[in-house]
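# Breakdown of the fold
The primary structure of each chain is shown beneath.
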Amino acid sequence: MSKKWKSYLGIMVLICGMILLFKDIFDLWNTKDLHTVKADYAIEVLEVTHHVYIIPVRKDHYYLALQENEEGIVGYIVLAGGKWLEKNFDANNYTTTEGGVEVVGLSKELKNKYQSKIQAQTKTIEDALGVPIQFVYQEDHYLDTGYRWKAILKLVTLIFILLEILAGVIFAKKSVQSRPILTTYLIIVILTLFMFLACLYISM
């Protein structure tokens, strides 16, 4: 394979990787899957610890949020922060907000390996309540309450990467030797690297 084709292949791999990593940016404009619901009761049904090799780096918390209406009990699976339950519900997991806690999230499909675990927990809760739980957005979907900040982080990171690539090309062509400019560029590169690692971190 010629060097030219190797360069093209490398660029294509880079572009595909960036598309996969930064596809969540479009969540900012996805109003179709954006939902606002109310919750009178909530309980954590799954805690997922993500590891880099054997080192734990992040935890995801999935909750079952319930609302009672004329038709029965409506349920939603919610992905939120570790303190979400403590901040919005009392010691018995009931809302402290009149009319219920407002939950704004983007509907996303649960990974298969999580579905059975959450469904088992949901069945246990249903048996305890003695009534069936009606899932509006399907039991294999969840509402991601942190979709916006994740998308914004990835958007800003992508802009920084593109600007650095452009600046790198300009510097190479013009043979920039100014130490302050190169130092500033290096600092921005390091900052972007940390942002890129943060994007990887939240995409696990």
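Because the structure is predicted, anything quoted here is derived from the model rather than measured. (Residues numbered from 1 in each chain as written. Predicted model: local features only at pLDDT ≥ 70, side-chain atom pairs only at ≥ 80, totals over all residues. Heavy atoms only, no water.)

So, on to the pattern of salt bridges. Taken as a whole and judged by the stated rule, the model has 6 salt bridges. D27 is paired through a salt bridge with K108; the nearest N and O atoms lie 3.2 Å apart. Of this pair, D27 sits in the loop between α1 (3-22) and β1 (34-39) while K108 sits in strand β5 (residues 101-109), placing them 81 residues apart in sequence. Residue K108 is classed as buried on the basis of its relative accessible area of 18%. (Salt bridge = Lys/Arg side-chain N within 4 Å of Asp/Glu carboxyl O. Helix = DSSP H or I, 4+ residues; strand = E, 2+ residues; numbered from the N terminus. Buried < 20%, exposed > 50% of the residue type's maximum accessible area, 1.4 Å probe, protein only.)

With that settled, the discussion passes to the nonpolar core. Across soluble globular proteins, you tend to see nonpolar side chains buried next to one another. Core analysis: the largest hydrophobic core is formed by 17 residues, its most contacted members being Y62, L64, I77, I118 and I133. Here the element with the most residues in this core is strand β2 (residues 41-52); it accounts for 4 residues. Other than its neighbours up to four places away in sequence, I133 contacts L64, L66, I73, V74, G75, T122, I125 and E126. Counting 15 residues, the second largest nonpolar core, distinct from the first, contains A39, A42, L85 and F89. (Core = buried A, V, L, I, M, F, W, Y, C linked by side-chain atoms within 4.5 Å. Contact = heavy atoms within 4.5 Å.)

With that out of the way, let us pick up the layout of surface pockets. Estimates place the volume of the second largest pocket at around 240 Å³. Taken together, D40, Y41, I43, L66, Q67, E68, I73, Y94, I125, A128 and L129 make up the lining of the second largest pocket. Secondary structure elements with two or more residues in the lining of the second largest pocket: β2, β3 (55-69) and α3 (112-129). (1 Å grid on protein atoms, 1.4 Å probe; cavity = no way out; pocket = protein on both sides within 12 Å on 5 of 7 lines; lining within 4 Å. Points joined across faces, edges and corners; volume = space filled by probe spheres on them.)

Side chains of I159, L163, L166 and I170 sit close together on the surface and give an oily, nonpolar patch of about 360 Å² of accessible area. The residue I159 is located in helix α4 (residues 147-174) in this model. Judged by relative accessible area, which is 43%, I159 ranks as partly exposed. (Patch = residues over 30% accessible without salt bridge, like charges linked within 9 Å, V, L, I, M, F, W, Y side chains within 5 Å. Areas by Shrake-Rupley, 256 points an atom, 1.4 Å probe, with all protein chains shown as cover.)

This brings us to α3. Taking 1.5 Å of rise per residue, 18 residues should cover 26 Å, and α3 covers 26 Å from first to last C-alpha, within 8% of that figure. Listed in full, the buried residues belonging to α3 are Y114, Q115, I118, T122, I125 and E126. Taken around the axis of α3, the buried residues stretch over an arc of 100°, which confines them to a single face. Among the exposed residues of α3, those oriented more than 90 degrees off its buried face are K113, T124, D127 and A128. Two residues or fewer past α3, G130 is found with a positive phi of approximately 80°. (Expected span 1.5 Å × (residues − 1). Arc of directions from axis to C-beta.)

A separate point is the pairing of β5. Two faces, one strand: in a regular strand the side chains alternate between the faces of the sheet. One ladder, built from 6 bridges, connects β1 with β5; its direction is antiparallel. Residue V37 lies in a different strand from β5, and its bridge partner there is V103. Bridge analysis of β5 against strand β7 (residues 141-144) gives 4 bridges, and the strand direction is antiparallel. Each bridged residue has a counterpart across the sheet, and for E109 the counterpart in β7 is H141. (Pairing = 2+ DSSP bridges.)

Time to look at the side chain of H35. By the secondary structure assignment, H35 is in strand β1. Leaving out residues up to four positions away in the same chain, H35 has contacts with V103, V104, G105, S107, Y137 and L143.

Now for the environment of E102. Relative to the elements of secondary structure, E102 occurs in strand β5. By relative accessible area, E102 is classed as exposed at 51%. For the pair E102 and A39, spaced 63 residues apart in sequence, the C-alpha to C-alpha distance is 6.6 Å. If we ignore the near neighbours within four places in the chain, the residues touching E102 are T36, V37 and K38.

For the structure on display, the rule yields 1 cavity of 30 Å³ or more. The space that makes up the largest cavity amounts to roughly 40 Å³. What lines the largest cavity is simply G75, Y76, I77, F135, Y137, Q138, H141, Y142 and L143. Of all the elements in the fold, those that place two or more residues in the lining of the largest cavity are β4 (72-80) and β7. Split into classes, the residues belonging to the lining of the largest cavity amount to 6 nonpolar, 3 polar and no charged. (Nonpolar A, V, L, I, M, F, W, Y, C, P; charged D, E, K, R; others polar.)

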